[in-house]
Amino acid sequence: MSYDFTDLSVEELTEQLEIVDDMRMWRIAEAIRRGVSYEKIHEITQIDEWFIDKFAIIVEMENALKSEELTPELLKKQNGWSSRIT
């Protein structure tokens, strides 16, 4: 079992979004990384776009952490939080 879906084409990936299992969330994240629209993901999965957006926030943080160190400032920037984080 692998969490790496980079070897799939976008077409194969979107087909696999139909599979309801514990790997689906990882496929959704990969679809977001590849620019599949929220609408398309919703159409296939019937998952509300609000939840898909939450996946996208996680993917954005993943991308930020590839080039930046995790700091309170990064968390504030990525989440739009106020100065609650110190």
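Note that this is a predicted model, so its numbers are computed, not measured. (Residues numbered from 1 in each chain as written. Predicted model: local features only at pLDDT ≥ 70, side-chain atom pairs only at ≥ 80, totals over all residues. Heavy atoms only, no water.)

Visitor: So what's going on with the pattern of salt bridges? Which residues, and what values?
Guide: According to the stated counting rule, one finds 5 salt bridges in the structure shown. As a salt-bridge pair, Glu30 and Arg33 come within 2.8 Å of each other at their nearest N and O atoms. With Glu30 and Arg33 both in helix 2 (residues 24–33) and 3 residues apart, this pair spans about one turn of that helix. On the basis of relative accessibility, which here comes to 35%, the residue Arg33 falls in the partly exposed class. As a salt-bridge pair, Glu30 and Arg34 come within 2.9 Å of each other at their nearest N and O atoms. (Salt bridge = Lys/Arg side-chain N within 4 Å of Asp/Glu carboxyl O. Helix = DSSP H or I, 4+ residues; strand = E, 2+ residues; numbered from the N terminus. Buried < 20%, exposed > 50% of the residue type's maximum accessible area, 1.4 Å probe, protein only.)

Visitor: Give me the lowdown on a negative patch on the surface, citing residues and values where you can.
Guide: Taken together, the side chains of Asp4, Asp7, Glu11, Glu12, Glu15 and Glu18 make up a negatively charged region of the molecular surface. For Asp7, the location among the structural elements is in the segment before helix 1 (10–16). (Patch = residues over 30% accessible without salt bridge, like charges linked within 9 Å, V, L, I, M, F, W, Y side chains within 5 Å. Areas by Shrake-Rupley, 256 points an atom, 1.4 Å probe, with all protein chains shown as cover. Lys, Arg positive; Asp, Glu negative; His and termini not counted. Charge placed at Lys NZ, Arg CZ, Asp CG, Glu CD.)

Visitor: Please provide a residue-by-residue account of the packing of helix 3 (residues 38–45) against helix 4 (residues 49–65), values included.
Guide: In contact at an axis separation of 10 Å, helix 3 and helix 4 are set at 120° when each is read in the N-to-C sense. Considered as vectors, helix 3 and helix 4 are oriented oblique to each other. You can see that helix 3 and helix 4 cross each other, and the crossing is right-handed. Within the contact between the two elements, helix 3 uses Tyr38, Glu39, Ile41 and His42 and helix 4 uses Glu49, Ile52, Asp53 and Ala56. Class assignment of the residues belonging to the contact of helix 3 with helix 4 gives a composition of 4 nonpolar, 1 polar and 3 charged. (Axes fitted to C-alpha atoms, helices over the stretch in contact; angles between N-to-C directions. Parallel < 35°, antiparallel > 145°, perpendicular 65-115°, else oblique. Left-handed = near helix turned anticlockwise from the far one by under 90°. Contact = heavy atoms within 4.5 Å. Nonpolar A, V, L, I, M, F, W, Y, C, P; charged D, E, K, R; others polar.)

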